[in-house]
Amino acid sequence: MAFGASHVSLALSLMALALAGISIYKNTHVATVMKDFDTKIESESNILEQNSDMLSQDFCIFAAVGSVVAEAIRRERRMGASLIRLFFHDCFVDGCDGGILLNDIPGRFQGEKTSPPNDNSVRGYEVIDQAKQRIKNMCPGAAVSCADILALAARDSVAMLGGIPYPVRLGRRDARTANFTGSLTQLPAPFDDLNTQLKKFRAKGMSPREMVALAGAHTIGFARCVTMCDDNNINPAMKSTLKCNCPVNNNDTNLVPLDLVTPNFFDKAYYDDLNRNQGLLFSDQVLTGNSTTNDFVRSYSNNGFLFLRDFNAAMTKMGDLPPSPGARLEIRDVCSRVNGNSIADM
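Parameters at a glance
- Residues numbered from 1 in each chain as written.
- Predicted model: local features only at pLDDT ≥ 70, side-chain atom pairs only at ≥ 80, totals over all residues.
- Heavy atoms only, no water.
- Helix = DSSP H or I, 4+ residues; strand = E, 2+ residues; numbered from the N terminus.
- Buried < 20%, exposed > 50% of the residue type's maximum accessible area, 1.4 Å probe, protein only.
- Contact = heavy atoms within 4.5 Å.
- Areas by Shrake-Rupley, 256 points an atom, 1.4 Å probe, with all protein chains shown as cover.
- Expected span 1.5 Å × (residues − 1).
- Arc of directions from axis to C-beta.
- Polar contact = N/O pair within 3.5 Å; in protein donor to acceptor, adjacent residues only side chain to side chain.
- Salt bridge = Lys/Arg side-chain N within 4 Å of Asp/Glu carboxyl O.
- Axes fitted to C-alpha atoms, helices over the stretch in contact; angles between N-to-C directions.
- Parallel < 35°, antiparallel > 145°, perpendicular 65-115°, else oblique.
- Nonpolar A, V, L, I, M, F, W, Y, C, P; charged D, E, K, R; others polar.
- Disulfide = S-S within 2.5 Å.

A.B. asks: So what's going on with the overall build of the protein? Residues and values would help.
C.D. replies: Check the secondary structure of the protein and you find 14 helices and four strands. Across the 346 residues that make up the protein, the buried fraction comes to 55%. When contacts within the protein are restricted to residue pairs at least 6 apart in sequence, those whose partners lie at least 24 apart make up 76%. Split by element, the accessible area of the protein, about 14800 Å² in all, is 51% carbon and sulfur.

Below, the structure is given as structure tokens:
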């Protein structure tokens, strides 16, 4: 991959985030950030469109994606958590290749969208599509992959919800296929015990420390009723606190926050919950069942900045997971389908 210097990427990213009206200060309260979004998004988008020819290509891409993500989070704060999860579910199955974005073609191609870990669960596809279109409108001639847009959207979501921005390097390519079975076997599951989780992360070259840091993404977001009311998925200590009257239509009602204290703010409260045996998911609470991983939980609970630093480093490393060897790659024109008309090689 032809990546630019990380410090240049971060500088451009910070400028783009600021132009989109995004606070980059660690202690800024979410309410203040969202108020800024309400007043600045429309005007800043107009400024970007009027001056797109003056921006460097990378800066224009960063700004275009950031403005779309900001609008999405302004409409629904939960979308930030969804975009981080969408990026994770893409990268952990055969690398960061945009495979999760491909639509099924009945009778001809089955992708990852409808696999059990993703179906009626992973969200944010429309935000990625909107970002792709905005890049086309604002940054003529810019060649940016859908995989890159996923990486940028996740980073921007972290920054907008109170985390620290980190550099995202461009140069990823989109796969011309996806892996339905891989999403079943490679993704961590809410019912996974600690050894299973460690094995899955080790297969991606991730250390136990990086695994615990990435689990901190659960400091924002919610679990659906159908997930939290499965005894295999839930921390037994939390079962009595749940009201399991799940709707038949399997929609997003009866959501429960993964972080009981600040589910809309990217902070260390998730680890505080684990220390009190109040992690919602079974796979979260078992992180305290091993002396090594429990030490990381306690360290992050005691030092929020250490968590943010390690989370950023782990996200950067995960974002560099390469596509499968021999995979056919391209830069998709539309993120939900491969270029051209043929799917013979999918």
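A.B. asks: Could you give an account of the environment of Thr 227, naming the residues involved and the relevant values?
C.D. replies: Checked against the element boundaries, Thr 227 lands in helix 10 (residues 225–228). When the C-alpha atoms of Thr 227 and Pro 190 are compared, they prove to be 8.2 Å apart, with 37 residues separating the residues in sequence. Every residue in contact with Thr 227, bar those within four places of it in the chain, is listed here: Pro 190, Asn 233, Ile 234 and Leu 281.

A.B. asks: Which residues make up helix 13 (residues 291–302), and what are the values?
C.D. replies: Taking 1.5 Å of rise per residue, the twelve residues of helix 13 would be expected to cover 16 Å, and the 16 Å separating its terminal C-alpha atoms lies within 8% of that figure. Among all positions in helix 13, only Thr 293, Asn 294, Phe 296, Val 297, Tyr 300 and Ser 301 are buried. In an axial view of helix 13, the angular spread of the buried residues amounts to 155 degrees, which keeps them on one side of the axis. Exposed side chains of helix 13 directed beyond 90 degrees from the buried face belong to Ser 291 and Asn 302. Looking at the buried residues of helix 13, the elements they touch are helix 8 (194–203), helix 9 (208–215), helix 11 (269–275) and helix 14 (304–318). One side-chain oxygen of the residue at the start of helix 13 lies 2.7 Å from the amide nitrogen of Thr 292, identifying that residue as Asn 290.

A.B. asks: Outline the pattern of salt bridges, listing residues and values.
C.D. replies: Inspection of every chain in the model, using the stated rule, returns 14 salt bridges. Arg 134 is the salt-bridge partner of Glu 71, the closest N and O atoms lying 2.9 Å from each other. Remark: Arg 134 occurs in helix 5 (residues 125–138) and Glu 71 occurs in helix 3 (residues 57–75); sequence separation between them is 63 residues. Here the two residues Glu 71 and Arg 134 agree in accessibility, since each one is buried. Where Glu 76 meets Arg 123, a salt bridge forms, and the shortest distance between an N and an O atom there is 2.8 Å. Of this pair, Glu 76 sits in the loop between helix 3 and helix 4 (78–91) while Arg 123 is found in the loop between helix 4 and helix 5, placing the two residues 47 residues apart along the sequence. One salt-bridge network, in which partners are shared between bridges, spans Arg 209, Arg 309 and Asp 310.

A.B. asks: Describe the side chain of Glu 210, with residues and values.
C.D. replies: Mapped onto the fold, Glu 210 is located in helix 9. At 3.1 Å, the side chain of Glu 210 and the side chain of Lys 317 are in polar contact. Leave out the neighbours within four places in its chain, and Glu 210 touches Gly 205, Ala 314 and Lys 317.

A.B. asks: An account of unusual backbone geometry is requested, with residue identities and associated values reported.
C.D. replies: The phi torsion at Asp 94 lies on the positive side, around 65 degrees, for a residue other than glycine. Phi at Asn 120 takes a positive value of approximately 55 degrees, unusual for a residue other than glycine. With respect to the helices, strands and loops of the structure, Asn 120 is situated in the loop between helix 4 and helix 5.

A.B. asks: Summarise the side chain of Ser 121; cite the residues concerned and give the values.
C.D. replies: Position of Ser 121 relative to the elements: it lies in the loop between helix 4 and helix 5. A polar atom in the side chain of Ser 121 sits 2.8 Å from the side chain of Arg 85. Among all residues touching Ser 121, those that are not within four sequence positions of it are Arg 85 and Arg 224.

A.B. asks: Can you break down the packing of helix 8 against helix 9 residue by residue, with the values?
C.D. replies: Contact geometry for helix 8 and helix 9: axes closest at 10 Å, N-to-C directions at 105 degrees. Here helix 8 is positioned roughly perpendicular relative to helix 9, judged by the angle of their axes. Note on element contacts: helix 9 touches helix 8 through Pro 208, Met 211 and Leu 214, opposite Leu 194, Gln 197, Leu 198 and Phe 201. Residues that form the contact of helix 8 with helix 9 fall into these classes: six nonpolar, one polar and no charged.

A.B. asks: Summarise the environment of Asp 58; cite the residues concerned and give the values.
C.D. replies: Positionally, Asp 58 belongs in helix 3. Overall, Asp 58 belongs to the partly exposed group, its relative accessible area being 32%. For the pair Asp 58 and Ala 142, spaced 84 residues apart in the sequence, the C-alpha separation amounts to 8.3 Å.

A.B. asks: Talk me through helix 3; I want residue IDs and the actual numbers.
C.D. replies: When the terminal C-alpha atoms of helix 3 are compared, their 28 Å separation across 19 residues agrees well with the 27 Å that a helix rising 1.5 Å per residue should span. Burial within helix 3 is extensive, with 15 of its 19 residues counted as buried.

A.B. asks: Now, about the state of the cysteines: what can you tell me, with residues and values included?
C.D. replies: Linking two cysteines covalently through their sulfur atoms gives a disulfide. Within the structure shown, the criterion is met by three disulfides. Cys 60 shares a disulfide with Cys 139; S-S distance 2.1 Å. Between Cys 60 and Cys 139 the sulfur-sulfur dihedral comes to about -90 degrees; the bridge is accordingly left-handed. With Cys 60 in helix 3 and Cys 139 in the loop between helix 5 and helix 6 (146–160), the pair connects residues that are 79 residues apart, well separated along the chain. Judged by relative accessible area, which is 2%, Cys 60 ranks as buried. Owing to a relative accessible area of 5%, Cys 139 belongs among the buried residues under this scheme. Paired by a disulfide, Cys 146 and Cys 335 hold their sulfur atoms 2.1 Å apart. With the S-S bond torsion at -95 degrees, the cross-link from Cys 146 to Cys 335 turns out left-handed. In this pair, Cys 146 sits in helix 6 while Cys 335 sits in the segment after strand 4 (329–330), placing the two residues 189 residues apart along the sequence. Accessibility expressed as a relative area gives 2% for Cys 335, which makes it buried.

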